[in-house]
Amino acid sequence: MMRRSHRMHITLTVAVSATLFAVSNACARIDQACLSKAAGALPHITGLAVKGSRTRPVPAAVLATWKGQARPIIVDIDVVTEGEQETYSYLCVMTQGSAFVQRTMN
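About the cut-offs
- Residues numbered from 1 in each chain as written.
- Predicted model: local features only at pLDDT ≥ 70, side-chain atom pairs only at ≥ 80, totals over all residues.
- Heavy atoms only, no water.
- Helix = DSSP H or I, 4+ residues; strand = E, 2+ residues; numbered from the N terminus.
- Buried < 20%, exposed > 50% of the residue type's maximum accessible area, 1.4 Å probe, protein only.
- Salt bridge = Lys/Arg side-chain N within 4 Å of Asp/Glu carboxyl O.
- Pairing = 2+ DSSP bridges.
- Axes fitted to C-alpha atoms, helices over the stretch in contact; angles between N-to-C directions.
- Contact = heavy atoms within 4.5 Å.
- Core = buried A, V, L, I, M, F, W, Y, C linked by side-chain atoms within 4.5 Å.

What follows deals with the side chain of Thr81. Among the structural elements, Thr81 can be located in strand β2 (residues 73-81). For Thr81, a relative accessible area of 15% gives the class buried.

This structure, assessed with the given rule, holds three salt bridges. The salt bridge partner of Asp78 is Arg54, with a shortest N-O separation of 2.6 Å. Of this pair, Asp78 sits in strand β2 while Arg54 sits in strand β1 (residues 49-57), placing them 24 residues apart in sequence. Here Asp76 ties to Arg56 by a salt bridge, and the two come within 2.6 Å at their closest N and O atoms. Remark: Arg56 occurs in strand β1 and Asp76 occurs in strand β2; sequence separation between them is 20 residues. On the accessibility criterion, Asp76 (4% relative accessible area) is buried. When salt bridges that share partners are traced, they join Arg54, Arg56, Asp76 and Asp78 into one network.

Right, let's get into the sheet that holds β2. What the four strands build is an open sheet, ordered β1-β2-β3-β4; its pairing is antiparallel. Looking along the sheet, the strands with just one partner apiece sit at the ends: β1 and β4 (98-104). Mean inter-strand twist for the sheet, computed between neighbouring axes without regard to direction, equals 30 degrees.

Regular strands show a simple pattern: their side chains alternate between the two faces of the sheet. Pairing geometry for strand β3 (residues 84-95) and β4, over seven bridges, is antiparallel. The residue bridging Met94 from the neighbouring strand is Ala99, located in β4. Following β3, the chain reverses through two residues before pairing antiparallel with β4; Gln96 in that reversal takes a positive phi of roughly 50 degrees.

What follows concerns the environment of Gln102. Note on placement: Gln102 falls in strand β4. Its relative accessible area of 48% is what places Gln102 among the partly exposed residues. In this structure the C-alpha to C-alpha distance between Gln102 and Ala41, which are 61 residues apart in sequence, comes to 8.5 Å. If near-sequence neighbours (up to four positions away) are discounted, Gln102 is found in contact with Ser89, Tyr90 and Leu91.

Right, let's talk about the nonpolar core for a bit. Core analysis: the largest hydrophobic core is formed by 13 residues, its most contacted members being Cys34, Ala38, Leu42, Val75, Ile77, Tyr90 and Cys92. For this core, the secondary structure elements donating two or more residues are α1 (4-40), β2, β3 and β4. In terms of residue count, β2 provides more of this core than any other element does, four residues in total.

In structure tokens form, the structure reads like this:
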């Protein structure tokens, strides 16, 4: 028979794991929505090809002046056009279930 402290430890472990899974799931949904919205905001250039994308935290200097309720992220999209590589960066924030993006300069 399990001791009470052992059962509490197992219960706590399961609860923490479930919470971390829910948070990572929510972050993945936000990242996916932001990546999709940023890809749609790319300039319409003939031959433009997306080679990669990623998200990253917003720099501390931007967060220090951020007045929004939701925490923004940066979306970087690597593209190639006519042999030239370039990265487009967008500030993204989720508001009322929708992603809003604005191009930033690196």
